[in-house]
Amino acid sequence: MTEVIGIDHIYIAVSDLNRSEVFYDFVLLEALGFRKNKFTLGGDPHVQYFNRHFGYVLWPARNEATHDSYSSGLHHFCIRVDSAEGVAAVATQLRSSGIEASEAKLYPDYAPDYWATYFTDPDGIRLEITNFRLERRERHDSW
């Protein structure tokens, strides 16, 4: 059986590419250390953020429907950092830049060591930063 070794890229259609680029420049470049490039594909401009693990690509939406986290489709997108301290540092950095991120806190109902912060992008896509908790580490290491 072929093993999946990761997510390669995620495409996000945005209503205003310039506005979203400013937002994601801060979140992904400044707070999370991604890199960035731009390209045109099929006549559409694309902004790609990437790290060693995956790419997060913005491109212009083709209709004006708004995102609804509770309709069919994407509910939220969660990015994992190494530690609870990392979650807290990102939350503080986001909040100090004016992004309405929740305070980083422990969510013991999810897992005994589940730390997270939550915020939304300019189109209402829910984003989460969480830590690499014990259960995930054990799953990774003993697969």
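The present account deals with the structure reproduced in this document. This structure is a prediction, so every number in the text was calculated from the model and none was measured. (Residues numbered from 1 in each chain as written. Predicted model: local features only at pLDDT ≥ 70, side-chain atom pairs only at ≥ 80, totals over all residues. Heavy atoms only, no water.)

## Things to note about the sheet that holds strand E2 (residues 35-41)
Pairing is mixed across the open sheet formed by 4 strands, whose spatial order is E1-E4-E3-E2. Unpaired on one side and paired on the other, strand E1 (9-14) and E2 mark the two borders of the sheet. Here the strands of the sheet are splayed against their neighbours by 25 degrees on average, with no regard to which way each runs. (Pairing = 2+ DSSP bridges. Helix = DSSP H or I, 4+ residues; strand = E, 2+ residues; numbered from the N terminus. Axes fitted to C-alpha atoms, helices over the stretch in contact; angles between N-to-C directions.)

## Looking at the packing of helix H1 (residues 17-31) against helix H2 (residues 84-96)
As a packed pair, H1 and H2 sit with axes 11 Å apart at the nearest point and diverge in direction by 145 degrees. Two packed elements cross with a definite hand, and for H1 against H2 that hand is right-handed. When H1 is examined against H2, the residues Phe26, Val27, Glu30 and Ala31 are found in contact with a partner set consisting of Val90, Gln93 and Leu94. Each residue belonging to the contact of H1 with H2 can be placed in one class, and the counts come to 5 nonpolar, 1 polar and 1 charged. (Left-handed = near helix turned anticlockwise from the far one by under 90°. Contact = heavy atoms within 4.5 Å. Nonpolar A, V, L, I, M, F, W, Y, C, P; charged D, E, K, R; others polar.)

## Regarding the pattern of salt bridges
Tallied over the full model, the rule gives 9 salt bridges. For Lys36, the salt bridge is made with Glu21, and the minimal N-O distance between the two is 2.6 Å. With Lys36 in strand E2 and Glu21 in helix H1, this pair connects stretches of sequence that are 15 residues apart. By relative accessible area, Lys36 is classed as partly exposed at 29%. A relative accessible area of 10% means that Glu21 is categorised as buried. The partner of Arg95 in a salt bridge is Glu103, and the shortest N-O contact between them spans 2.8 Å. Looking at Arg95, the relative accessible area reads 38%, which means it is partly exposed. Through salt bridges with shared partners, one network takes in Glu21, Asp25, Lys36 and Lys38. (Salt bridge = Lys/Arg side-chain N within 4 Å of Asp/Glu carboxyl O. Buried < 20%, exposed > 50% of the residue type's maximum accessible area, 1.4 Å probe, protein only.)

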